[in-house]
Amino acid sequence: MFCPKKTSFTTKMFLSLLALVTFCTERTEADGLVRLNGGIIVGRGQHAYVTDSDLQFNIPKTKDSCKVEVVLNEPITQRVGKLTPQVFDCHFLPHEVKYTHNGCPLLEEDNLMLRIYRFTESQTFMETFLLNVQITEPESSIIRFGLVGLQVQEFYGVSNPIDKNVVSFKYNVNRIDTICTVTILSTEDLVPAQGQLIVDDPRHRGQGNLLDAALKQNVRKVRQAKIPCPGNKACPTGAKEVQFLKASCEDFLAMGLKYQHFSPPSPDTDYIPIRVEVRDERNRFLLQVENAWIRVNIKGAISNQQPKAAFMSMYILEVDQFILTPLSIAAVDAEDDETPKDRLVFNITKPPVEGYLTHLDDHTKPITSFSWQDLYDMKIAYQPPNISHTERRNYEVDFKAIDTYFMASASIMVHFSIRTAETNAPRVSWNMGLDLLEGQSQPITWENFQIVDNDNMNAVRLIALEGLQHGWLTVRGGKGFMCTIKDIKDGVVRYHHDDSDTTKDYIVFRIFDGKHATRHKFPINILPKDDSPPFLINNLAYELAEGEAILIEEHMLLSSDLDSSDDYILYKIIIPPRAGEIVKKTVSDLLGHPVTSFLQRDLFHGLIYYQHFGAEIFEDSFEFILSDSHDPPNLSDPQIAMIHVRPVKDQLPKELDGTTRYLLVKETEIRHLTKNHLHFTDTESPEDELMYIITKPCFFPTNQRMYDAGKIIFTDSTKNRKKDPSVPMLKSFTQVFILGAAGRAVGILGMAYGSGESRKSDSNAIHGVARRCTSPRRYVPSPLQTTS
């Protein structure tokens, strides 16, 4: 035992640190499933990846399965951006979870609602939390707004055109291999809300405008164009509405795009969303991407006003005890002069003291916000508490309506009144459904599913009538379809999922006590498990010229995985190509290096090529398998990629063995050239198409003073086989005449005239080349020796 007076300072520090670590560990475990939630920071219009320094969980990687789900039915979250993927593993990989900001300038922060599930053999733990997103001005931006903005001088008016004075793009224009494109997709961000983007059609304009050339080129890129304009106003003459546009940055600023207002009364501000991408032209690698909203000022309009409560609603909701009761616009409603009702959002600022508001797509989980459209469709409901009372209970619930400019209304109070029920029929007082992992089984417990009956609880029976489309029920270990309240309380009623790739199931129970009966739906939420291999979406044959390299793009080769990130799909080559190789090229390694495997994100970044060696092999292929990032990885069946190579005329003609290239001619004769004297073949052209070009006529190698050493003639041009000085000398001929086709021949005419002195036998020669008749042409020097 240690005495405090004798304990050293080091020991005291160690014990203090140990106690602190133990306290922090216990506190972290007690805090729940989330260990670290630091939020993320993103530049406006840009994207950011979630890392383990931003978000960590209290689940060991080797202990239990764990999944994180992005909640999508909360419109108060992800207002100016989006988190992908929608479901990911708690131990996510780098560059797997990404938040992308849409460029909206109205908010300085955003929130993401995430739901974490921890799956054990016997139960599922769930926790919902918010991940904060701080939006900052980007440090390096490729979109620059000018001093001149878009101005509309009157209602239904047209603004000045979008040009370099309104917006400009800063990227490396000095690189000739860089391309910049602008995309407009107004349907995604629901802006412009008070007008539309139009472009002039040069077919309806006068001549002489300098922009006509640019307009004629780019109007064809405008899709889904409409001639008539809304608001009972005609478009300007020759104008077309632009709902989707993709053009180069230079063309975008030159095509005269304008904003037309058509919806008064409206706020004095509207926006045009754009997306700018800068890519490497060689491999389509995405160098930079940024989103932005171009502001439009509407002269004469007033600033945006906040929504307000609608006059006709009662703001009272009558609820029966234990009964899930939908809300309607008769209970709560709001209106706004500038924002259409179907774009309004309600935020629950003061939830009910007992029970919760929920969305009927999944009524087992509470919500904090909902859209007016879901309220109108009666998809929002109130779940009363599962506690029985003898008197009526009243709660006050506060809402705020929010418009498209994120301006909130004053607080809207609704009175919830819960009546007592006087019935002896069995009723469901609590229904939280089941959450389980794909392929798992979980018990239906009293915490998930509670039933009340006033007169005879022990007589209540539950029979499964419908549902169970992707699983089955067991009761006390055996397959069953009927159970009692005691079975549920004992936890012996289990749902077993069939391990299919499904996300939803349900059970419709008939609940009766011998006298009364009712039906109730029990929802089952299934989260995907990483147990299926990736699968191919695109696998097109590659076509390239002999000896060239081709970039493997997404439309040629693409895979997907239902359970994990597509970026981390691995292509593993098990049988390499015979006539080429797969090469990975990077900015620092432009020549590239051979690889036997690559990730799909390398394909997305334009780094993977097929390089043909140049041999005379024109059909090639390679075999590969796909694997995901799971440990151990899920492997696909072998896949084959086909490659078609276009031949290139790059091979030299070759002389056949046994060709003499020697001809004996008498001085007064004509001798025919045959294939025994001169004969070449070519692997890429027919023999009779080979052409011989005479580069140097007949000459005496040993006596350069003698000029006339004979000549090559076409014998079809002579009527007899005697020498004739008037017969023209050939400069070229094809091999078909040497082979004797059509009775024609090429001959050599020996015409050596002396100066009156007798001559001995002399040798002469001809220099020429053999080539193809088709382009590109390849030459082989070919001297022919003759003796006369």
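Every chain is numbered on its own, with residues counted from 1 as its sequence reads. Only residues with pLDDT of at least 70 get local features here, since the model is predicted, and only at 80 or more are side-chain atom pairs given and counted; chain-wide, interface and lining totals rely on the full set of residues. To obtain the side-chain values, all non-hydrogen atoms of the structure were included, while hydrogens and water were left out.

## Points about the overall build of the protein
Then, in step 1: When its secondary structure is counted, the protein shows 8 helices and 64 strands.
Then, in step 2: Taken across its 788 residues, the protein has 46% of its residues classed as buried.
Then, in step 3: In the protein, the proportion of contacts linking residues at least 24 apart, taken out of those at least 6 apart, comes to 69%.
Then, in step 4: Using a 1.4 Å probe, the Shrake-Rupley method yields the accessible areas, and only the shown protein chains count as cover for residues. A total of about 40,300 Å² of accessible surface is found on the protein, and carbon and sulfur atoms cover 53% of it. Helix numbering and strand numbering both begin at the N terminus, where a helix is a DSSP run of H or I of at least 4 residues and a strand a DSSP run of E of at least 2. With a 1.4 Å probe rolled over the protein chains alone, any residue whose accessible area is under 20% of its type maximum counts as buried; one over 50% counts as exposed, and the rest are partly exposed. Any two residues whose heavy atoms approach within 4.5 Å are treated as being in contact.

## Re the packing of aromatic side chains
Then, in step 1: Working definition: a ring pair exists when centres of Phe, Tyr or Trp rings (six-membered ring for Trp) sit within 6.5 Å. Plane angles under 30 degrees give stacked, over 60 give edge-to-face, the rest tilted. Under the criterion given, the structure shown has 19 aromatic pairs.
Then, in step 2: Ring geometry for Tyr117 versus Phe119: centroids 6.0 Å apart, planes at 10°, classification stacked. Of the two residues, Tyr117 and Phe119, both sit in the buried class.
Then, in step 3: Among the aromatic residues, those joined into a cluster by ring pairs are Tyr542, Tyr571, Phe598, Phe622 and Phe624.
Then, in step 4: When the NZ atom of lysine or the CZ atom of arginine is within 6 Å of a ring's centre and also within 35 degrees of its normal, the charge is said to sit over that ring. Positioned above the aromatic ring of Phe699 is the side chain of Lys696, whose terminal nitrogen or guanidinium carbon lies 4.2 Å from the ring centre.

## A word on the sheet that holds strand β15 (residues 195-200)
Then, in step 1: Pairing between two strands is assigned when DSSP locates at least 2 bridges connecting them. Strand order in the open sheet formed by 3 strands is β16-β15-β18, and the pairing between neighbours is antiparallel. Strands with a single pairing partner mark the edges of an open sheet, and in this sheet they are β16 (239-242) and β18 (258-261). Going from strand to strand, the sheet's axes swing by 45° on average, the running direction of each strand aside.
Then, in step 2: As judged from the 4 bridges shared by β15 and β18, these two strands associate in the antiparallel manner. The residue of β18 that forms the bridge with Ile198 is Lys258. Inter-axis angles, ranging from 0 to 180 degrees, are taken between N-to-C directions of lines fitted to C-alpha atoms, where helices are fitted over the stretch in contact.

## Regarding empty space enclosed by the protein
Then, in step 1: Using a grid of 1 Å spacing that covers the protein atoms alone, one calls a set of points a cavity when a 1.4 Å probe fits there but cannot get out, and a pocket when the set is open and has protein on both sides within 12 Å along at least five of seven lines; lining residues are those with an atom within 4 Å of a point. Grid points are joined across faces, edges and corners, and a volume is the space filled by probe spheres set on the points. Scanning the entire structure with this criterion turns up 2 cavities of 30 Å³ or more.
Then, in step 2: The calculated volume of the second largest cavity comes to roughly 30 Å³.
Then, in step 3: Lining of the second largest cavity is provided by Leu462, Ala464, Leu473, Val475, Gly480, Phe481, Met482, Cys483, Val493 and Phe509.
Then, in step 4: When residues of the lining of the second largest cavity are traced back to their parent elements, those giving at least two are β36 (461-467), β37 (471-475) and β39 (482-484).
Then, in step 5: Grouping the constituent residues of the lining of the second largest cavity by class yields 9 nonpolar, 1 polar and no charged. Ten residue types, Ala, Val, Leu, Ile, Met, Phe, Trp, Tyr, Cys and Pro, are classed as nonpolar, four, Asp, Glu, Lys and Arg, as charged, and the remainder, Gly among them, as polar.

## Describing the sheet that holds strand β27 (residues 362-366)
Then, in step 1: The 4 strands lie next to each other as β23-β29-β26-β27, forming an open sheet whose pairing is antiparallel. If you trace the sheet from one side to the other, it starts and ends with β23 (325-326) and β27, each paired once.
Then, in step 2: Relative to β27, strand β26 (residues 356-359) is paired through 2 bridges, and the arrangement is antiparallel. Residue Thr358 lies in a different strand from β27, and its bridge partner there is Pro366.

## Comments concerning the state of the cysteines
Then, in step 1: A pair of cysteine sulfur atoms is labelled a disulfide when the two atoms are within 2.5 Å. Tallying each qualifying case throughout the model produces 2 disulfides.
Then, in step 2: In this model, Cys66 is linked to Cys90 through a disulfide, with the two sulfur atoms separated by 1.7 Å. The chirality of the disulfide connecting Cys66 with Cys90 is left-handed, given an S-S dihedral of about -55°. On the criterion of sequence distance, the pair formed by Cys66 in strand β5 (residues 65-70) and Cys90 in the loop between β7 (87-89) and β8 (98-101) is long-range, its members being 24 residues apart. For the pair formed by Cys66 and Cys90, the shared burial category is buried.
Then, in step 3: A sulfur-sulfur separation of 1.8 Å characterises the disulfide bridge that pairs Cys180 with Cys249. On the S-S bond that ties Cys180 to Cys249, the torsion sits near -55°, and the link is left-handed. Of this pair, Cys180 sits in strand β14 (residues 178-185) while Cys249 sits in helix α4 (residues 249-254), and the two are 69 residues apart along the sequence.
Then, in step 4: On the accessibility criterion, Cys180 (4% relative accessible area) is buried.
Then, in step 5: Residue Cys249 is classed as buried on the basis of its relative accessible area, which comes to 3%.

## Side note on the pairing of strand β19 (residues 269-280)
Then, in step 1: Of all the 12 residues making up β19, 11 are buried; the element is thus mostly covered by neighbouring parts of the structure.
Then, in step 2: Pairing of β14 with β19 involves 6 bridges; the strand directions are antiparallel. The partner of Val182 across the bridge, within β19, is Val276.
Then, in step 3: Hairpin connection from β19 to strand β20 (residues 286-298): 5 residues lie between these consecutive antiparallel strands, with Arg284 at a positive phi of about 60°.

## As for the layout of surface pockets
Then, in step 1: Here the second largest pocket defines a volume of roughly 390 Å³.
Then, in step 2: What lines the second largest pocket is a set of 22 residues, among which Glu69, Gln86, Asp362, Lys504 and Asn525 lie closest to the centre.
Then, in step 3: Only β5, β9 (109-119), β27 and β42 (517-527) provide two or more residues apiece to the lining of the second largest pocket.
Then, in step 4: Of the residues in the lining of the second largest pocket, the class split is 10 nonpolar, 5 polar and 7 charged.

## Considering the side chain of Glu277
Then, in step 1: If you trace the backbone, Glu277 turns up in strand β19.
Then, in step 2: The class of Glu277 is buried, set by a relative accessible area of 10%.
Then, in step 3: A polar contact of 3.1 Å, which involves the side chain of Glu277, links it to the side chain of Arg275.
Then, in step 4: In this structure, Glu277 is in contact with Ile179, Cys180, Thr181, Leu286, Gln288 and Val289, ignoring residues within four places of it in sequence. N or O atoms within 3.5 Å of each other form a polar contact, as long as, within protein, one can give a hydrogen and the other can take it, and as long as residues adjacent in sequence are counted only when both atoms are side-chain atoms.

## What to know about the pairing of β5
Then, in step 1: Burial analysis of β5 places 5 of its 6 residues in the buried class, which makes it a mostly covered element.
Then, in step 2: Here β5 runs beside β9; their pairing, made up of 6 bridges, is antiparallel. In the sheet register, Lys67 faces β9, and the bridge partner there is Tyr117.

## Description of the confidence of the model for the protein
Close inspection of predicted coordinates is inappropriate in any region flagged by low pLDDT.
Then, in step 1: Per-residue confidence from the predictor is reported as pLDDT, which spans 0 to 100. Considering every residue of the protein, the mean pLDDT works out to 82; 82% of them sit at 70 or more.
Then, in step 2: In the model, residues 1-30 has pLDDT below 50 throughout and makes 6 contacts with residues more than four positions away in sequence or in other chains.
Then, in step 3: Below pLDDT 50 for its whole length, residues 772-777 participates in 21 contacts with residues either more than four positions away or in separate chains.

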